Structure formats: C-alpha cells, structure tokens
Amino acid sequence: MTNFLNAPKTPIVAMVMEATPDKIITKVRKAIIDGADCIGIQIECIEKAYRTETHYQKIFEACAGKPLYLTSYRHRANEGMTDEQCIDELLFASTIAKQYSNVLCDVMGDTYCASQYQITKDESAIQKQRALVDHIHEMGCEVLISSHFQAFLPAEIVIDCAKGQAERGADIIKMMKKDGHFRPPMPFDEAVSYTHLTL
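Residues numbered from 1 in each chain as written. Predicted model: local features only at pLDDT ≥ 70, side-chain atom pairs only at ≥ 80, totals over all residues. Heavy atoms only, no water.

Now for the overall build of the protein. Across its full length, the protein carries six helices and seven strands. From first element to last, N terminus to C terminus, the protein shows the α and β order β-α-β-α-β-α-β-α-β-α-β-β-α. Relative to its full complement of 199 residues, the protein shows a buried share of 47%. A separation of at least 24 residues holds for 72% of the contacts in the protein among residues at least 6 apart in sequence. On the protein, roughly 9,700 Å² of surface is accessible, and the fraction owed to carbon and sulfur atoms is 53%. (Helix = DSSP H or I, 4+ residues; strand = E, 2+ residues; numbered from the N terminus. Buried < 20%, exposed > 50% of the residue type's maximum accessible area, 1.4 Å probe, protein only. Contact = heavy atoms within 4.5 Å. Areas by Shrake-Rupley, 256 points an atom, 1.4 Å probe, with all protein chains shown as cover.)

In total, this model carries four aromatic pairs according to the counting rule given. Between F4 and Y69 the ring centres are 6.4 Å apart and the planes differ by 65°, which places this aromatic pair in the edge-to-face class. On the criterion of sequence distance, the pair formed by F4 in the segment before β1 (13-16) and Y69 in strand β3 (residues 68-71) is long-range, its members being 65 residues apart. We classify F4 as buried; its relative accessible area is 12%. (Phe/Tyr/Trp six-rings, centres within 6.5 Å; stacked < 30°, edge-to-face > 60°.)

Moving on, we come to helix α5 (residues 155-167). Between the first and last C-alpha of α5 there are 18 Å, a value that for 13 residues agrees with the 18 Å anticipated at 1.5 Å per step. If you check which residues of α5 are buried, you get V158, I159, C161, A162, G164 and Q165. In the segment just after α5, G169 is the residue with positive phi, at about 100°. (Expected span 1.5 Å × (residues − 1).)

We now examine helix α1 (residues 21-33). Working note: α-helix, 3.6 residues per turn, so residues spaced by three or four point in the same direction. Given a rise of 1.5 Å per residue, 13 residues ought to cover 18 Å, and the 18 Å separating the end C-alpha atoms of α1 matches this to within 8%. For α1, the set of buried residues is P21, I24, I25, V28 and A31. Projected onto a plane normal to the axis of α1, the buried residues spread over an arc of 125° and lie on a single side. Along α1, the residues that are exposed and aim more than 90 degrees away from the buried face are D22, R29, K30 and I33. (Arc of directions from axis to C-beta.)

With eight of eight residues buried, strand β5 (residues 142-149) is to be regarded as a mostly interior element. Side chains of β5 alternate between two faces, with E142, L144, S146 and H148 and V143, I145, S147 and F149 buried alike. Pairing between strand β4 (residues 103-108) and β5: five bridges, direction parallel. Bridged to C105 within β5 is V143. Taken together, β4, helix α4 (residues 123-138) and β5 form a β-α-β motif whose crossover is right-handed. Summarising the sheet, β5 and strand β6 (residues 172-177) pair through six bridges and their orientation is parallel. Following the sheet pairing, I145 is matched in β6 by I173. The parallel pair β5 and β6 is bridged by α5, and the resulting crossover is right-handed. (Pairing = 2+ DSSP bridges. Right-handed = clockwise from strand over helix to strand, strands pointing away.)

Spelled out as structure tokens, the structure:
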C-alpha cells in the first residue's frame, strides 16, 4: 500500500479543515474526484463532540484508502488544551485511521515546550518527543515533525531546525512560513540542499 515515503511521485495532499464529519466527508469526496493522492485531516478543526470512534470510522472510510496525514495543533478547537491532550487526540485518531490506510502523524517541533520558531531546545521535551516518535512508529505510522515560522529566516536557523527535526526521528520534516509562503515537506537530505539553493 502506498505511503508518504514510497509514493512514486510527490503526492498531492488535500488538507481538510472542517468542524463536522459531514462537511469533512463532502470535502474529502470532492478532493478525491479532483485527483488528490492523499488526504490530510486537521483534527484541531473538528468539534470535540465528533471526535469519536464512530465518527472517525465514517471519515476515514470516505478517504477510500488514500494515505492519511493527521495534525492536532494547538489552535482552533484545541485551543486551551495541553500538548499532552493534543497528542492524545492525534494518537486516538491515528489508531482508528490505521485500520483504513497508511498514516502520517504531524508532531510539532516544540511539542511539550512551546518555543521560538516552533522547535524546542529543551532537552526534557526533546526526549519526550523522541519517545513519542518511537511510539508512533511502533503503531505502524510515519512521523512528520513540523515547525511554523512567523517570517523568512536565515539559512543557518533553517538548517539547525531541519537537523533538530531529523535527530528526533522524523521520517519527513516540514518548515512553513505562516503567511502561506511555504517550504514543502521533504526528506531531510533534500531539505538541506533546498535550503542552500534557495536562501
């Protein structure tokens, strides 16, 4: 079965940011018709009342076996939750999603210690992240570590961020500028080369 690491080409991922299962399923079906290779479900956008096994089963079944990319960021319906609670939501959804397809889990680079550039330097948080990555791998899922920036940054900072993400066990690293101009997810070695070429 195709996943994010063995895809024959760079996949087109449809990111779905809706609050209810019906709206999510409608967008998923439209995305598949439009040619999406993978489906991204942003759990933080889903109203908490709908984060149940039954609702997730309906959502993931509608994804028709496409590889799934799941996030559980701090904002939207997750606002006010601890990082541990956000991760619990991610793991719960991923356990169900794994029954329907391959799953890529997004772990923020400052999980357990909110930090500048969304990449923590706190050693205790880093160790917890590594343990989390190991646990997600044991579940049979892949891991993307993400950092969202407020501005374009010097190459040295971006490379340091990329190394930090890779050293924590990420299968894929992602760095994104929050105004919509982004550096796409890519394997670590490619990211370093990309950084040298573009900054």
